[in-house]
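# Architecture at a glance
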Amino acid sequence: MEKKIKDFPNNITDAIKVAENSIKNFQFRGIKNIVISGQGGSGIAGVIAKDIFYKSLSIPIFIVQDYEIPRYVNNETLFVSSSYSGNTEETITSLKSAIKRKSQIICISSGGTIKNLANKNNLYFIELPKGGPPRAMIAYSLIQLIFLFCNIDKSNQIGHTSTELLNISKKLKKDQPEIIERAKEISNSIGKKMPFIYSYSNFKGIALRFKQQLNENSKRHAIFNVIPEMNHNEIVAWSRESLCSIPIFINTSSLEKNKIRMELTSNLIAKKVENYITINYKSQSELEEYFYFLHLFDWISLMIANNDGVDPNDIKIIDKLKNQISN
């Protein structure tokens, strides 16, 4: 897992090449909505892509993380079936439904049943390189969606986005030693406490990804929420002392109103906990922020796994559940 995380900047560069060779060949007609179907490490890419294009894409995006698809899915729907393995049961089921509805479909996987269905039904298909667990290959899944949405939203030029991503890859590679040191400091601050992760709504996918990596890599429970929503409910729970929990505030680009809310929220919560963490990162590029936090949080999850003496690669309980369902 350490090698996979270290390779993240290189994966960005490779993923750009995959996207450039695929997306330019795709043509769509009269798309009125986008539905992305995916689970786990593949599904989170859809959530993050939705965040990235929230303010620019005029077509609504819906994320499906189940067997069933919305009733409105039809031939004016761009349906994206994303499964790194190509064998995710829920994603396969939803893809078959989209085929019946005659949706305009793109399949993203490294092979498996998804690839077979794409070939059988003459669907657009993007083949990802094999060789890693889905959560470690997120750069490939995410960048395909970024290029796809740029192709739909003409205000986002693919050439500009490609250059920006290449620069991000270079910067992450250059700054990786500092990112690793920061991850060590944060993981030590978290210690044995349960993380409560808070971000802004436009970085919801990043907060969720952090939670998921703590779940899978670190074998830790974690909770996440977003500001301002948590100011209307969850903040009340912090009226009581919670010495076994640690709030983590991801301070990214957002409205000034939300930044004020985060500062006030952290000040109020600070009185009820032993310590809390605020993670800042300043950049002129929101896209850079997304990829920086992806990389930082992956390292933190690995450091916590190492500190706790657990294997970050072990997901036997997921495999056991899948086997029981298939039987």
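For the structure given in this document, a descriptive report is provided here. (Residues numbered from 1 in each chain as written. Predicted model: local features only at pLDDT ≥ 70, side-chain atom pairs only at ≥ 80, totals over all residues. Heavy atoms only, no water.)

A few words on the sheet that holds strand β7 (residues 223–227). Taken in spatial order, the four strands make up an open sheet running β7-β6-β8-β9, and their pairing is parallel. With one partner strand each, in any of the chains shown, β7 and β9 (277–280) form the two edges of the open sheet. Within the sheet, the average angular offset between the axes of one strand and its neighbour, ignoring direction, is 20°. As defined by bridge partners, strand β6 (residues 194–200) adjoins β7 across five bridges and the pair is classed as parallel. Looking at the pairing, tyrosine 200 lines up with isoleucine 227 of β7. Helix α8 (residues 204–216) rests against β6, β7 and β8 (245–251) of the sheet, and its axis sits at about 165° to β6. On top of the sheet, helix α11 (residues 286–308) reaches β8 and β9; it is set at about 140° to β9, its chief contact. (Pairing = 2+ DSSP bridges. Helix = DSSP H or I, 4+ residues; strand = E, 2+ residues; numbered from the N terminus. Axes fitted to C-alpha atoms, helices over the stretch in contact; angles between N-to-C directions. Contact = heavy atoms within 4.5 Å.)

A few words on the pattern of salt bridges. Any two side chains of opposite charge can pair, on the condition that their charged atoms come close. All told, the structure shown has 14 salt bridges when counted by the stated rule. Here glutamate 286 and lysine 55 are joined by a salt bridge, their closest N and O atoms 3.4 Å apart. With a gap of 231 residues between them, glutamate 286 in helix α11 and lysine 55 in the loop between α3 (40–52) and β2 (61–64) connect regions that are remote in the sequence. Residue classification places lysine 55 among the exposed positions, given a relative accessible area of 66%. Residues joined by salt bridges that share partners form a network here, namely Lys115, Glu127 and Lys130. (Salt bridge = Lys/Arg side-chain N within 4 Å of Asp/Glu carboxyl O. Buried < 20%, exposed > 50% of the residue type's maximum accessible area, 1.4 Å probe, protein only.)

Before going further, it helps to examine α8. Between its first and last C-alpha atoms α8 spans 18 Å; for 13 residues at 1.5 Å apiece the expected length is 18 Å, and the two agree. Most of α8 is tucked away: 10 of the 13 residues are buried. Residues of α8 that are buried include every one of Gly205, Ile206, Ala207, Leu208, Arg209, Phe210, Gln212, Gln213, Leu214 and Glu216, and no others. (Expected span 1.5 Å × (residues − 1).)

The next thing to look at is the packing of aromatic side chains. Evaluated as defined, the whole model comprises 14 aromatic pairs. Each ring, one from tyrosine 281 and one from phenylalanine 293, has its centre 6.3 Å from the other, and the planes form 80°; the classification is edge-to-face. Of this pair, tyrosine 281 sits in the loop between β9 and α11 while phenylalanine 293 is found in helix α11, placing the two residues 12 residues apart along the sequence. Just as tyrosine 281 is buried, phenylalanine 293 falls in that class too. Both rings, one in tyrosine 292 and one in phenylalanine 293, keep their centres 5.5 Å apart while their planes meet at 80°; by these two values the pair is edge-to-face. Taking the relative accessible area as the measure of exposure, phenylalanine 293 reaches 0% and is therefore buried. Each residue in the set Phe210, Tyr281, Tyr292, Phe293 and Phe297 is aromatic and connected to the rest through ring pairs, giving one cluster. (Phe/Tyr/Trp six-rings, centres within 6.5 Å; stacked < 30°, edge-to-face > 60°.)

Attention now moves to the packing of α3 against helix α6 (residues 138–152). Relative to each other, α3 and α6 sit at 40°, their axes nearing to 9 Å. In the crossing of α3 with α6, the sense of the turn from one axis to the other is right-handed. Facing α3, whose interface residues are Gly41, Ile44, Ala45, Gly46, Ile48, Ala49 and Ile52, α6 presents Ile138, Ser141, Leu142, Leu145, Ile146 and Phe149. The residue inventory of the contact of α3 with α6, partitioned by class, reads 10 nonpolar, three polar and no charged. (Left-handed = near helix turned anticlockwise from the far one by under 90°. Nonpolar A, V, L, I, M, F, W, Y, C, P; charged D, E, K, R; others polar.)

Here we take up the pairing of β8. Regular strands have side chains that alternate between both faces of the sheet. Taken across its seven residues, β8 has seven buried, putting it largely inside the fold. Here β8 shows no split at all, with Ser245, Pro247, Phe249 and Asn251 on one side and Ile246, Ile248 and Ile250 on the other all buried. In terms of strand pairing, β8 meets β9 through four bridges, oriented parallel. Directly across from asparagine 251, in β9, lies its bridge partner asparagine 280. Handedness of the β8-helix α10 (residues 256–270)-β9 crossover: right-handed. (Right-handed = clockwise from strand over helix to strand, strands pointing away.)

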